[in-house]
Amino acid sequence: MNAINVIARSLVNLVYPLRCGSCARPLEATNETGVCTTCASFINTNPKPNCPSCGRPVDNIYRLCGECRKSPPYFDCAYSACLYEGALKELIHSFKYKNYRMLGTFLASLILDFIKNNRNIIECIDMITFVPLHSKKLHERSFNQSEILALKIARACNLPAHSCLEKTSHTKNQNDLTRQERLKNLTDAFRIKASSAHLVRGRRILLIDDVMTTGATLNECSRVLKNGGALEVRCLTLARGI
């Protein structure tokens, strides 16, 4: 950051103090992440071994978790960079609901670090897409956090990114529902955009979202992509709720 930018940001910081997106502690004007070093140090990566299907932590790397044994998902595999807890949970909340878009670069960097250590995630991938928001929610929020992450990942990995899906139903908030209610809530809630059908057929797709809990949203989007002719759908999220 050059001297002029430092001075300008320092002046702005006097009027609009920059604060950590997790703990709200004041940050230096030169901070470009929106996160203090303490909160950044509290972010935990998703521990191994993981279920080879959904990425949930398990005791045995070769053993599917109970949910995947009982009901195999439509996606081929799913990966999550970190655990959805503590400081990271607060950062994601600030990013999504408090319009703290500055956090997008930092949050995407956590995923990119994860990819560097797990290159198989993007091997043979043809394109990246993301979980869409319903138009009403997109209007309320003014941006889609998953799209921001997807575009940053695509750019860093030199992969094409396309908005292939659209949400046709304004569903209930998934956070307020049980697993079975989540599955029912999202039935037929997504479809492939007519203009993107040719992009999906015969492609290996990496589907991006911010958080995976039960996997209901990613599973339904994957079902739609598979029915649209996708050869493979891998899912990648910033955080995994346990």
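Residues numbered from 1 in each chain as written. Predicted model: local features only at pLDDT ≥ 70, side-chain atom pairs only at ≥ 80, totals over all residues. Heavy atoms only, no water.

Points about the pairing of strand 2 (residues 127-130)
Link 1 in the chain: Burial of the side chains of strand 2 extends over both faces: Met 127 and Thr 129 are buried on one face and Ile 128 and Phe 130 on the other.
Link 2 in the chain: Note that strand 2 and strand 5 (residues 204-212) share four bridges and pair parallel. When the bridges of strand 5 are listed, Thr 129 appears paired with Leu 207. (Buried < 20%, exposed > 50% of the residue type's maximum accessible area, 1.4 Å probe, protein only. Helix = DSSP H or I, 4+ residues; strand = E, 2+ residues; numbered from the N terminus. Pairing = 2+ DSSP bridges.)

So, the pattern of salt bridges
Link 1 in the chain: Within the structure shown, the criterion is met by eight salt bridges.
Link 2 in the chain: Of the charged contacts, one joins Arg 223 and Glu 220 as a salt bridge, the two residues approaching to 2.7 Å between their closest N and O atoms. With Arg 223 and Glu 220 both in helix 10 (residues 216-227) and three residues apart, this pair spans about one turn of that helix. For the residue pair Arg 223 and Glu 220, the accessibility class agrees, reading buried in each case. (Salt bridge = Lys/Arg side-chain N within 4 Å of Asp/Glu carboxyl O.)

Digging into the side chain of Asp 209
Link 1 in the chain: With respect to the helices, strands and loops of the structure, Asp 209 is situated in strand 5.
Link 2 in the chain: Lacking a salt bridge, the buried Asp 209 has Lys 96 as its closest oppositely charged neighbour, with an N-O distance of 6.5 Å.
Link 3 in the chain: A polar contact is formed between the side chain of Asp 209 and the side chain of Ser 146, at a distance of 2.6 Å.
Link 4 in the chain: Not counting the four nearest positions on each side in its chain, Asp 209 is found in contact with Val 131, Ser 146, Thr 217, Leu 218, Leu 236, Thr 237 and Leu 238. (Lys, Arg positive; Asp, Glu negative; His and termini not counted. Polar contact = N/O pair within 3.5 Å; in protein donor to acceptor, adjacent residues only side chain to side chain. Contact = heavy atoms within 4.5 Å.)

A closer look at the pairing of strand 5
Link 1 in the chain: Most of strand 5 sits inside the fold, with eight of its nine residues counted as buried.
Link 2 in the chain: Note that strand 5 and strand 6 (residues 232-240) share eight bridges and pair parallel. In the strand pairing of strand 6, Asp 209 is matched with Thr 237.
Link 3 in the chain: Taking the sense of rotation as the criterion, the β-α-β connection linking strand 5, helix 10 and strand 6 turns out right-handed. (Right-handed = clockwise from strand over helix to strand, strands pointing away.)

What about the sheet that holds strand 6?
Link 1 in the chain: With parallel pairing, the four strands of this open sheet are ordered in space as 1-6-5-2. At either margin of the open sheet sits one strand with a lone partner, and together these are strand 1 (77-83) and strand 2. Direction aside, the axes of adjacent strands within the sheet are offset by 25° on average.
Link 2 in the chain: Docked against the sheet, helix 7 (residues 145-157) engages strand 2 and strand 5, running at close to 130° with respect to strand 5. (Axes fitted to C-alpha atoms, helices over the stretch in contact; angles between N-to-C directions.)

A closer look at the nonpolar core
Generally speaking, nonpolar side chains in soluble globular proteins are found buried as a group.
Link 1 in the chain: Ranked by internal contacts, the top residues of the largest apolar core, which has 44 residues, are Leu 88, Leu 107, Ile 208 and Leu 236.
Link 2 in the chain: Put simply, the parts of the chain that give this core at least two residues each are strand 1, helix 4 (86-97), helix 5 (103-117), strand 2, helix 7, strand 5 and strand 6.
Link 3 in the chain: Looking at this core element by element, the count peaks at nine residues for helix 5.
Link 4 in the chain: Discounting chain neighbours no more than four positions away, the residues touching Leu 88 are Ile 43, Cys 82, Leu 83, Leu 107, Leu 110, Leu 238 and Ala 239.
Link 5 in the chain: One finds Cys 65, Met 212, Leu 218 and Leu 225 within the second-largest nonpolar core, a separate group that totals 28 residues. (Core = buried A, V, L, I, M, F, W, Y, C linked by side-chain atoms within 4.5 Å.)

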